Structure formats: C-alpha cells, structure tokens
Amino acid sequence: MDSWSVLSSWWSLCVLFVGACLVELWRERKRQLYYSRGFALSVAIIAGVLVLLQGGSHSSPVPNDDLTSNVLSASSYVSYIRFSADYVFSVVSIGILAAAILFCPTAPLVRVRMSRIFAMQALIFGMIHVRDTEWFLVLGVALTLEFIFAVWYDSKNLLDDEQRFTRARALTAYHGVAVGAMSVSLLLRLVDQTGMLAHTATLGMVDMACLCVASAISFGIFPFHGWVLPFFSTPRATVFLPVMCIQAGLLFFFRVYAPIVSTYNHHSLIFVGIPVVGILYAALLFFGESRLKRIPGNLYLSHVCLMAISVVGLDAASFTAAILDGVNTVVATLGLLGVCALLHSRFGVRGVLVPTGLGTFFPEIAVCYLVCVLSLVGFPGTLGFIEEEVLLGQAVGHHNLLVAVIAIALTLNGFSSFRLFARVFMGQPVLGHDSETKLLIRERLIIYSIIAVIILNGLAPSFIVDSLSHIGH
Amino acid sequence: MNSTVLELIGSVVFIAPLVTLILLSFIGWTPLKSRENVIKGIVATGQSVALFCALVVGVAFVGQYFSTGRILPLAVIHHPLFSFNHHSVDFNLQLDGMNIWFVLMATVLSNIVGVFSRHYLHRDPGFFRFFYLIVLFLVGVLIVFMGSSFQIIFMGWEFVGITSALLISFFTLRRETIDNALHAFWAYRVSDIGLLVGSFLVAASIPGHMFGELGAHRYPLPSELALIVPFLFLFSAMGKSAQFPYSSWLPRAMEGPTSSSAIFYGGLSIHAGVFLLLRMRSELMVPTPVLVVMAAVGLVSCVYGVLLSQVQSDVKSALAYASLSQVGIMFVEISLGWSQIAIFHCIGHAFLRTYQILKCSSIIHQFVEFEDAHQHDIDRAKAGILSLLIARPRKGRLFSFSFDFALRAASGPSDIVTTLERISRFFQRGEDRWLALIGRGATTQNPGQGGIRG
C-alpha cells in the first residue's frame, strides 16, 4: 500500500481523530480542561485536506501515482463528487465541525472535553465509510454511548440549571432504548450468520423493527423526538454536541431508515402518516415557542419529518430531495445554533417574551439568523427554496394532500421564526453598548460563510442539485 | 425595433434593480453605508435606468400594437435554475401586453418614492436599511409582474411579503410597530399557502406552462383541480390585497414610514392580488362559482372599506380602507371579465393613492400651521380644502354600526393566532411533563415564562 493510498483512505481520517483524542486525553490528565481552539482547528484543517485527497483519489483512473495530478484533476474531481455519498457526508461532517470550532467561545468560559468530541468524530467517519451493517451498528452503539456520557459530563458542569439531570436522564432513556434496539439487531444478525437460529420472517421483522426504532430515535423523528428539544435547548455556549447529534442522526437516517422504509413499506400508511402528523405537530409545537435555543430544535424536527416524507412512497429522485433537505437542515440549523450560542455566551439570552433590540448591536447575527430561518422555511433565493421545489415537485402528482400539509407547516414555521426574530433583534435595546458587542473575526468568518453557502446555492443551485441527484439515483 | 435589442432593453428593467441590490448588499458591510449620497446615487441610478428601459419597451409595444394589432410576449430573461428527473425549474421573465403597464407603474412609483424618501428620511439611522428594503421590494414586485409562470410569481410574492413586514417594523423602537408587522406577516403567510399550492398544481397539470399573449388561450385544468386551483389563487389574492375578511392588517401596516406605506399599500403591493387574478383570468379557464365568489368578495370588501373608512381617527388608516374598497371594485371588474378596465382602474388608483399617502403627512402639517397662524380652530366653512381634515360630528345607526364593526375587525387573525398559541403551549406542557416523567424530575420551566437572563 503506497503512501497515496494510505493518505487518501478513510482510515487516515479515523487515525487522525483517534490521535487527536489521545492528545486531548493527555491534556485532560494534566488538568488542562480548557478548550484549545488552535489545536482543534489544526485537526479539522488536516482532516479537510485528507477528505479532499479522498475525493481526488477516487476519481477516474489516473495513469500515474503523482499526487499533484490527482489533486488538480478538476473534472475527475467533480465526477467523484457527483457519485459518492461518502464524500458528501465527509465534506459536510468536516465543514460543520470546523464551524462549531469557530463558533466556540474562548477559554476560560468554556469547559469542553474535546477528547470526547474527537472520539465521536472518529466513530462518525467510521460509520460513514463502513459497508457492513453489523460494523455500522457496532460503531453506532459506541457513538451513542459516547454521546450519553458527553451529555452527563455537560450536565454536571451546568451548575445554574436545575433541570440538567432530568434532561440527562430523559436523553439517556431515549438513547438507551436505541442502544438496546441496535444491540438486539446486531445479535440477531450475528446469530443468523453463525446459523444457530433458522432465519424466519418473524426474526427478519424484529430485526427491521429494531433498526427502525434505533434510527428513528437517533435522528429524532416523531414520535421519538422527545429528547431533541430539551437537548437543543440545553444552555451551553458551544455547539459541539448538537453538531455530533445532527451528523449521527443523518447517518442513521440515510444508511438505515431510508433504505428500510423505501424497500419494505414504501406505500405503508404508517411510514407516510407518521411523518405527516409529525410535521404538523412540530409546526404547532413551534408556534408558541419563546425559548430562544429551541428554535433550531423545532425547525430540525420539522425537517426530519420532511426528509422522512421524501423517502417514503416516492422514487429515487425523491432521495435527492431528502439529501438536499439534509444539507439545508445541517447548514441552516448550524447557523441557528451558532447564533443562539453567541447570544447566550455574550448576553445570557435564553428566552424572549418582549423585544430586546439586539439587532442594533448585532446586525450580522440578525442577518445570519434571518437567512437561516428563511432557508429552513423555503424562502426563494435560499437553499431551502430549492429543496422545497424539488420536494413539492415530486410530491405533487403522487400525493397532492402532502403539498397542502407541507405548505401549511412551512407557513406556521415561517411565522413562528419571524416572530422570534422580531422579539430577539427588534425593539428597544435593553442591553448597553460596549466593546464586547463587536463580533470577532472568526465569528464573522463563519457567519459570512453560512450566509454565502445558503444564498449562493439558492441562486445557482444547478451544481448542488446535479451533484446530489446522482447520489439519489 | 429589433427584437434582440428589445429583449436586451427589457432585461435591463429587471437587471438594473438587481445590480443595485447586489451593490447595496456589499456596501452594507462597509462604512459606506452611512454615506447617504452614495446610497442615493446608486438607488437613483438603478431605478432611473429601469424606468427608462421600461418606457422604451412600452413605446415599442404601443408601436407594435398599432402596426400589427397585437402585442406578443417578449421573453427578457431565461435562466435555468436546475433540472432533474424531468422536472426543470427555470427563472423566466417576460414582458407582454398586460404586465408592461404594471412594470411601468412599479418603476415610476419607485422613482417617485425614492425621491421623496431621500428627503423624508434624511439623517434617519435607518436610511440605508430603508433603501435596501425598497430596492429588494422592487426586485420582488418586478418578479411578480414579469414572471412567466405562477411559480415565478410566487418567488416574487415572498419577497414582497418579507419586505413589507420588515418595513412596517421599520421604527423598531416601538413595540406596536413590531406587533403590527407580525399581524401583517401572518396574513401574508396564510394567504401564501394558496399561491404555493396552486402554482405547483398548475405546474403539474400543465407542464412547461408559460404565460402567453393576453387572452389568446386559456388552459383548462383537470376536472379535480378546475375548482380548487382558482379558489387557491383567489384566497391568495384576497390576503395580499387585504380583502374581507383579511383586511385587519392593512391599517396596521401604516405603521411604517409614509413612503413605504405609499408604495406598498397605495401603489404596488396591494394591487399584486389584482395582478394575480388578472393572470389567472387570462391563462386559465375559471369556473363560474369562483367568479361569483370573487365578485361577492369584492362587493363586500368595497362596502366594508367605505364603512370603516368613515370611523378612522387618522388619515392614513382612512386612506387604507379607501384603497381596500377600490381594490374590491377591481375584483368585481375582473370577475365580470372587464380585464382592461381593471388594469386602467388599478394603475390610476395606484398613482392617486400613492400621491395621497405621500401628501397626507404634509397636509396635516400645513393644517396645524394654518391653525397656529389663526390661533384658533378653523371654521369649517372657511377652511377650503383643509375642511376635509376637520372631523365632522357623526351620528346615526350606520356610524355606530361601522364603529362597532371596526372594533371587532381590529382583532382579525389575532384570535386565530391566540388559539394556535394555546394549542402550542398545551403540546409544550405535554412534552415537558413527558420529559419529567421519563427523567424522574419536576416539570421544566413553564413555557410561558421566558425573559432575558443576563
């Protein structure tokens, strides 16, 4: 195996993050619990380079092993982008990790166990690239357990939050069920492989049911969504755990849930009806919301139901709609999480019932918030509009009622989002202006990047739609 | 004139405001945004170029009409957005015999309002924000008027809605402006459902449909959609044009600056619903029940507007209800098939109402100066035209009825919003209780109790 193959394989990513995890563990043992942005960003940049090398290496066959010619081969690069879901997942994963690093406030305000974050990221890359369902489940169990431990660690540090342990227990209950379901499925598969038990339809149904439940909990679809909102609203100033959660959720959705549903019961009333109820429920739940950090969670709930509607009962082209929705949800939710984290870390803003006028001091954040929520409600000129066009274009003619339901849900979400925008960023400023209100360069960088991604892909969507449509097929 | 040259000129009608918007977007991140002269220059240039090009196209169309007796649609912008699985979405804009008048109206009024606003908002902290939103609105309204399909109209429709809400809440320091902006935005969002669903149903029923020559061909819809789609479009038009029962947002929308009120609720935005109905009437076969309902809505709105305008305490609200009643008459005209009359009525009304709203604040000011000069209240008989501003004592059952009706109408969709909020809080409490149950803890903080924790 030559150096090029090693560098460009997904193993290198896992090794990188495991190494970073070990370094962080060593720092933590030396009581250096405070966050080191430089190190985290370096790891993310190296991972980004490795992901790009991955893309170059899996392009059309090259005549020689020259690394330069692989990297600079743009046309073969683009052809790889179009054909590999793994590559898209990897890029998205690195992108949102880097964004979370840039959003994270400076020490000593924040205590983050980056060892856990790196370990989870390594597991995620493993889950992206493994081909066997059994190995996927093993890594999924490990990831979920890491996630539970991370939530408990976080809860112990939230000294001003009375509900922290209630939330942690509830989240553990949900994800404990997911771990149990994955374990049962894994056990059945291993037993089936060894031949100890005869393979029957019943066992197959149990296996599928366990996988469905595990994946539904992981990506938080109705009615297994109970942990999502409290988790997203936990008053922490960083977005690492939500970012890990979103990555894991999308992985489970596309690798487990979507294939099962589309293959086995794509006309079942359950797999259509539940997401439809879920999207309306999420929209109604959001309508009276006043807690700032629940905004990303509420919109995330709506969009996972939209993705579930996309893959059920429709065709491969609708997978494209689901993937587009996934990308839009990731980017826009990340932007919202970052905005909420910024407002929380700077001003301790958590809930708003009266206008606070923060737009006077934070116009860039106001614009970022507005662009992100408009994208999540399908406003023209944003990535969300493209996703809405693709989704509704597929839904019409198959299920006309779906079009009405989606339109109603988007309407309710749009109003709720704008109302919260008005409450947070409009009105008489209630906080004094001082030097702390200026955004840092890293914050500007990530905010501008998110706005640019959403708007540029909304105005010139052909590249992203063409790229993702091949994956859908 | 060579059609290629005309297409190019027609495309500049949209491109000029778009370029202005892009320039302002970049300027917004620089210190230049506080330089009024720079902003004025850029906006004035963009608006003037758009107006000039629209005039050229308009003259060319008039010449074409007199020489050939018809006006063929002119495709000015064709930009494929994306396509996959036999479903393609293209951003197409066109100018034809109907929308050229609306485009001219939009460009003229935007220029007038721009000139007015340069003085009206001089040294206002929101100067840049106002002009940015006005240009964004102009781009949106041009998409509505120039869109070659209902889906393109929807794109512009959304821009009109969001800019309207943001301009209503322009003076953000007052709580009432924000509440009124939300009130209007709610009405817009609900009515947008109709256009969103209807446009997709039309696109699915008539693939690749683009607007053709005015009245040349009306497409029949499938029987199951023949009634639904026109009703959806009518529903949308009612919300945008503030027809009964979606009128309560219109007087609240007067919270914004006078110039934005003029261009939105006197000139352009309130007539977007009329334009949609004109397009629908021109392109689709509309069944009679829809036309009957359209006429009924228009008549009721007209009477409603007249009654409520009599009991308003401020001149802008009175003008708002007057606009409402005129738009109701336009609905009746469209339902009767008098499309040309409706177009002329719409354009004339837009100019008149824009003038009145722009002028009203000056008239009030002059009235107060006049009274101060005379040092006593003015005798109505001697006030001349200013007598219109002196409140007449009114009494009688009609006035009482109008007053009570206005009070009830003022709540409007607030009742629906309150109901939905109650349902939402019920669900939220359920979620919190469930969380407490499985987390073995007390229920979390009441969703109704929020606030800032500093």
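Predicted, not measured: the structure shown is a model, and the values here were computed from it.

Further remarks concern the packing of helix α6 (residues 85-103) of chain A against helix α19 (residues 441-459) of chain A. Residues and elements named next belong to chain A. Two elements in contact, α6 and α19, have axes whose closest approach is 8 Å; the angle formed by their N-to-C orientations is 140 degrees. When the axes of α6 and α19 are compared, the crossing they make is left-handed. Across the interface between the two elements, A99, L102 and F103 from α6 touch R442, E443, L445, I446, I447 and I450 from α19. Its residues placed into classes, the contact of α6 with α19 shows seven nonpolar, no polar and two charged.

Considering the arrangement of structural elements, one finds T144(A) in helix α8 (residues 133-157). In this structure, T144(A) is in contact with H175(A), V179(A) and M182(A), ignoring residues within four places of it in sequence.

What follows covers the pattern of salt bridges. On inspection of all chains with the given rule, the structure shows 13 salt bridges over all chains. A salt bridge links R444(A) to E364(A), with the shortest nitrogen-to-oxygen separation between them at 2.5 Å. On the criterion of sequence distance, the pair formed by R444(A) in helix α19 and E364(A) in helix α16 (residues 363-376) is long-range, its members being 80 residues apart. Overall, the relative accessible area of 26% leaves R444(A) in the partly exposed class. Residue E364(A) is classed as buried on the basis of its relative accessible area of 11%. Between D179(B) and R175(B) there is a salt bridge; the shortest N-O distance is 3.4 Å. Of the two residues, D179(B) and R175(B) both sit in helix α6 (residues 175-205), four residues apart, roughly one turn of that helix. For D179(B), a relative accessible area of 35% translates into the label partly exposed. Judged by its relative accessible area of 37%, R175(B) is partly exposed.

Looking now at the packing of helix α9 (residues 258-267) of chain B against helix α10 (residues 269-283) of chain B. Residues and elements named next belong to chain B. Contact geometry of α9 with α10 gives a least axis separation of 4 Å together with a crossing angle of 25 degrees. Here α9 lies roughly parallel to α10, going by the angle between them. Residue-level inspection shows I263, F264, Y265, G266 and G267 of α9 in contact with α10, the latter providing S269, I270 and H271. Classifying every residue of the contact of α9 with α10 by side-chain character gives four nonpolar, four polar and no charged.

As a further point, take the domain arrangement of chain B. Each assigned domain of chain B is listed with its residue range as follows: domain 1 (3-363) and domain 2 (395-438). For domain 1 of chain B versus domain 2 of chain B, the distance between C-alpha centres works out to 30 Å.

Before going further, it helps to spend a moment on the packing of aromatic side chains. Across all of its chains, the model carries 48 aromatic pairs over all chains by this definition. Centroid distance F287(A) to W186(B): 5.6 Å. Interplanar angle 75 degrees. Geometry classified as edge-to-face. Taken as a pair, F287(A) in helix α13 (residues 269-287) and W186(B) in helix α6 lie in two separate chains rather than in one. Of the two residues, F287(A) and W186(B), both sit in the buried class. An aromatic cluster is built from F89(A), F219(A), F253(A), F254(A) and Y257(A), whose rings are joined through pairwise contacts. Positioned above the aromatic ring of F287(A) is the side chain of R419(A), whose terminal nitrogen or guanidinium carbon lies 5.1 Å from the ring centre.

What follows is about the nonpolar core. Judged by nonpolar contacts, the single largest core of 313 residues is most densely connected at F253(A), F418(A), F425(A), F145(B) and F331(B). Excluding anything up to four places from it in sequence, F145(B) contacts N99(B), F102(B), V103(B), M105(B), A106(B), L268(B), F275(B) and R279(B).

Residue and element names in this part refer to chain A. Counted at 1.5 Å a residue, the expected span for α16 with its 14 residues is 20 Å, and the 20 Å between its end C-alpha atoms agrees. The element α16 is largely enclosed, with a buried count of twelve among its 14 residues. Looking at α16, one finds that the buried residues are E364, I365, A366, C368, Y369, L370, V371, C372, V373, L374, S375 and L376. Phi turns positive one or two residues past the end of α16, at G378, with a value near 80 degrees.

Cut-offs used in this document
- Residues numbered from 1 in each chain as written.
- Chains lettered and ligands numbered in written order.
- Predicted model: local features only at pLDDT ≥ 70, side-chain atom pairs only at ≥ 80, totals over all residues.
- Heavy atoms only, no water.
- Axes fitted to C-alpha atoms, helices over the stretch in contact; angles between N-to-C directions.
- Helix = DSSP H or I, 4+ residues; strand = E, 2+ residues; numbered from the N terminus.
- Left-handed = near helix turned anticlockwise from the far one by under 90°.
- Contact = heavy atoms within 4.5 Å.
- Nonpolar A, V, L, I, M, F, W, Y, C, P; charged D, E, K, R; others polar.
- Salt bridge = Lys/Arg side-chain N within 4 Å of Asp/Glu carboxyl O.
- Buried < 20%, exposed > 50% of the residue type's maximum accessible area, 1.4 Å probe, protein only.
- Parallel < 35°, antiparallel > 145°, perpendicular 65-115°, else oblique.
- Domains from an automatic or database assignment.
- Phe/Tyr/Trp six-rings, centres within 6.5 Å; stacked < 30°, edge-to-face > 60°.
- Lys NZ or Arg CZ within 6 Å of the ring centre and 35° of its normal.
- Core = buried A, V, L, I, M, F, W, Y, C linked by side-chain atoms within 4.5 Å.
- Expected span 1.5 Å × (residues − 1).

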